[in-house]
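Observations on the three-dimensional arrangement
The primary structure of each chain is shown beneath.
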2 protein chains.
Amino acid sequence: MREIVIGGAQMGPIQKAEPRTAVVERMLALLEQAVAEKCDLVVFPELALTTFFPRWWMEDQAEIDAWFETEMPNAATQPLFDRARETGTAITFGYAEKTPEGRHFNTSILTDKQGAIIGKYRKVHLPGHSEYDTERAFQHLEKKYFEPGDLGFPVWRNLDAWMGMCICNDRRWPEVYREMGLQGVELITLGYNTPSVNSQLSDEGLEKRLYHSELSMTAGAYQNACWVVGVAKAGDEDGHPLMGGSIIVDPDGFVVARAQTEGDELIVHACDMDACNFGKTTIFDFARHRRIEHYSRITSQTGVVTPE
Amino acid sequence: MREIVIGGAQMGPIQKAEPRTAVVERMLALLEQAVAEKCDLVVFPELALTTFFPRWWMEDQAEIDAWFETEMPNAATQPLFDRARETGTAITFGYAEKTPEGRHFNTSILTDKQGAIIGKYRKVHLPGHSEYDTERAFQHLEKKYFEPGDLGFPVWRNLDAWMGMCICNDRRWPEVYREMGLQGVELITLGYNTPSVNSQLSDEGLEKRLYHSELSMTAGAYQNACWVVGVAKAGDEDGHPLMGGSIIVDPDGFVVARAQTEGDELIVHACDMDACNFGKTTIFDFARHRRIEHYSRITSQTGVVTPE
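These notes cover the structure that comes with them. Residue positions within a chain follow its written sequence, with the count starting from 1. Chain letters start at A and ligand numbers start at 1, both assigned in the order the entries are written. The predicted nature of this model means local features are confined to residues of pLDDT at least 70 and side-chain atom pairs, given and counted, to a pLDDT of 80 or more, with totals for whole chains, interfaces and linings taken over all residues. Excluding hydrogens and water, the side-chain values take into account all heavy atoms of the structure.

Residues and elements named next belong to chain B. DSSP-based pairing: two strands are paired if at least 2 bridges between them are found. Each helix corresponds to a stretch of at least 4 residues labelled H or I by DSSP, and each strand to a stretch of at least 2 residues labelled E; elements are numbered beginning at the N terminus. Strand order across the open sheet formed by six strands is β6-β7-β8-β9-β12-β13, with mixed pairing between neighbours. Both outer strands of the open sheet, β6 (155–158) and β13 (255–258), are each paired with one neighbouring strand and no more. Ignoring strand direction, the axes of neighbouring strands in this sheet form an average angle of 20°. Relative to strand β8 (residues 187–192), strand β7 (residues 161–167) runs parallel, the two sharing five bridges. Following the sheet pairing, Cys166 is matched in β8 by Leu190. Contacts are assigned to residue pairs with any non-hydrogen atoms lying within 4.5 Å of each other. Axis geometry follows a simple rule: fit a line to the C-alpha atoms, using only the stretch in contact for helices, then measure angles between N-to-C directions, giving values from 0 to 180 degrees. Contacting β6, β7, β8 and β9 (227–232), helix α5 (residues 174–181) crosses the sheet at an angle of about 160° to β7. Set on the sheet, helix α6 (residues 206–224) makes contact with β8, β9, β12 (247–249) and β13; between it and β12 the angle comes to about 25°.

Take a look at the structure:
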């Protein structure tokens, strides 16, 4: 038994005008609740420090850059790192990262129980578009404000387990889970900001969108025999609703904890990393069953090529 | 609208003693029912002509070979091909194939409406084991009796759509759907013989096993924006229960038809191939969103390699 008590710290909406200091106060409150529930690890959402700014069209680079962090920790987030270290709690959260070279990424970090950053991931699968789209009900400009992640899908040893991260739209791509599964991942954490409305199909409906999110995470967990923790930023941000549905999924693909609200809400589950062993040594024993000689299109071509 | 009316022809148990001629009679009855319901395509299960013989330990090669077909069509199956051609119905079913060179595969074929075989697939992901396993509640000797398929995951034009096949355990591997998705597949058909009991985890239970099967197929459909039709051989074969749960899944990942029994049962749905277009041109527009530079482990390594 290698138990990690995991807190999924769903966050309610962050309005455009809400400063990072106020957001970090809310994260600290969730952290205190997690400490009270003896969590070893707390998972916060994607772009946890600000509103989901890629919905806004901006042309002024200084206005854009104001949403980005140039260092981590920084003044606004230092209290979170301090309290995590004091309480011996590992944390992971997402933020917009601007590098010293001026590159922009949608990033998440992972700390150990001593508050040191031991892992960084940069979102690979950026959804949306890069030009103003007059056809959409609202904009989704991740392809404008970020470049695709350049770090791949690394896995780290933390809390006596193999842990990896992805972010939001990454969770819909089976390649993501498999890249980490091939490194023996036992726990994948991810945050998301998913609009409740499909900007290109307004009648799709929330229920379908929650189903797609959960379907992707449960399949990824089952097919790689790993825990998956998906944590939303939810609720109404300046008139733009984000869906909730934060879940913890076991290595058998079953949801074992689920958020009930669209606000700040902690879901908790004691996750046994040894529960991964059965799947990894039987039906999904990759070494015995995978046939890479028949997978070549997956890495040799990006888009669809129909037969001649 | 490119509508294909699809019949999923689930088959009840086939006992070890049941001859192929009797099985083909049952298949013909299902075909007649499908014709009455105006089906364009009828999907039969994996190893549709015999009992699921890989549960039996056999050492005599002649005894083994008796379960295999050396040509297709052959005397036993000719009536099925004839009636499919007469009624203008495309069919697909699975059988054990022995080639002229003496190679053994778990195979499925696909015909056009004129009764000509236009596609052949050989199962790539063989589950189970190749030696007698004293630890298991019963044997699952696909790795003994078959070699892994050597044809990859081809896609064919049929009924004005891009169609592909896989077989049984293949459906649990996201690489399978993606290989076909990268060829623009719009309809994937598969048959399965899945024991109701996990031979290595007897208390897993039928409900979990049906969930895993459905999870894999719905995720594969959603993530590649294609129809998936999964058809079981079900019921009690000489004391060995097989699960049912045949389903038709739409390109949004929703089950639109589901078998209710563990016997011979036809499920029917009118499937619009154009329903694939939305997913293929938005969230799963591979050319725009996939990042193959980060997928290299998927084709460069078979088993797990944990970080240094």
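On we go from here.
Our next topic: the pairing of strand β7 (residues 161–167) of chain A. Residue and element names in this part refer to chain A. Burial status follows relative accessibility: with a 1.4 Å probe on protein chains alone, a residue under 20% of its type maximum counts as buried, one over 50% as exposed, and anything between as partly exposed. Taken across its seven residues, β7 has seven buried, putting it largely inside the fold. Residues of β7 alternate between two faces, with Ala161, Met163, Met165 and Ile167 on one and Trp162, Gly164 and Cys166 on the opposite face, all of them buried. In this structure, strand β6 (residues 155–158) lies alongside β7, joined through four bridges in antiparallel fashion. Bridge pairing in β7 places Asn158 opposite Ala161. Hairpin connection from β6 to β7: two residues lie between these consecutive antiparallel strands, with Leu159 at a positive phi of about 55°.

Formed by 109 residues in total, the largest nonpolar core has its most connected members in Leu41(A), Val228(A), Leu41(B) and Val228(B). Apart from residues lying up to four places away in sequence, Val228(B) is in contact with Tyr177(B), Ile188(B), Leu190(B), Met217(B), Ala221(B), Ile247(B), Ile248(B) and Val249(B). We call a set of buried Ala, Val, Leu, Ile, Met, Phe, Trp, Tyr and Cys residues a nonpolar core when their side-chain atoms join them within 4.5 Å.

Screw-axis analysis of chain B against chain A gives a translation of 0.0 Å along the axis, an RMSD of 0.0 Å, and a rotation angle of 180°. The transformation just described matches what one would write down for a two-fold rotation axis. Copies are brought into register by a least-squares superposition over C-alpha atoms of residues with pLDDT of at least 70 in both.

Before going further, it helps to spend a moment on the pattern of salt bridges. Only one rule defines a salt bridge in this text: a Lys or Arg side-chain nitrogen within 4 Å of an Asp or Glu carboxyl oxygen. The final tally for this structure, using the stated rule, is 58 salt bridges over all chains. The closest approach of N and O atoms between Arg178(B) and Glu175(A), which form a salt bridge, is 2.6 Å. Of this pair, Arg178(B) sits in helix α5 while Glu175(A) sits in helix α5 (residues 174–181), which puts the two residues in different chains. Accessibility expressed as a relative area gives 2% for Arg178(B), which makes it buried.

Another aspect to go through is the interface of chain B and chain A. If you look at the interface, chain B gives 65 residues, while chain A gives 65 residues. Summed over the shared surface of chain B and chain A, the result is eight salt bridges. For this analysis, a polar contact is any N or O atom pair within 3.5 Å, provided that within protein one partner can donate a hydrogen and the other can accept it, and provided that sequence-adjacent residues contribute only side-chain to side-chain pairs. The interface formed by chain B and chain A holds 43 residue pairs in polar contact (both at pLDDT 80 or more) in total. Of all elements in the fold, only α5, α6, α8 (286–289) and α9 (296–300) of chain B reach the threshold of two or more residues within the side of chain B that touches chain A. Element by element, the count of residues in the side of chain B that touches chain A is highest for α6(B), at nine residues. Tallied by class, the residues present in the side of chain B that touches chain A amount to 28 nonpolar, 25 polar and twelve charged. Charged residues are taken to be Asp, Glu, Lys and Arg, nonpolar residues to be Ala, Val, Leu, Ile, Met, Phe, Trp, Tyr, Cys and Pro, and polar residues to be all remaining types, Gly included.

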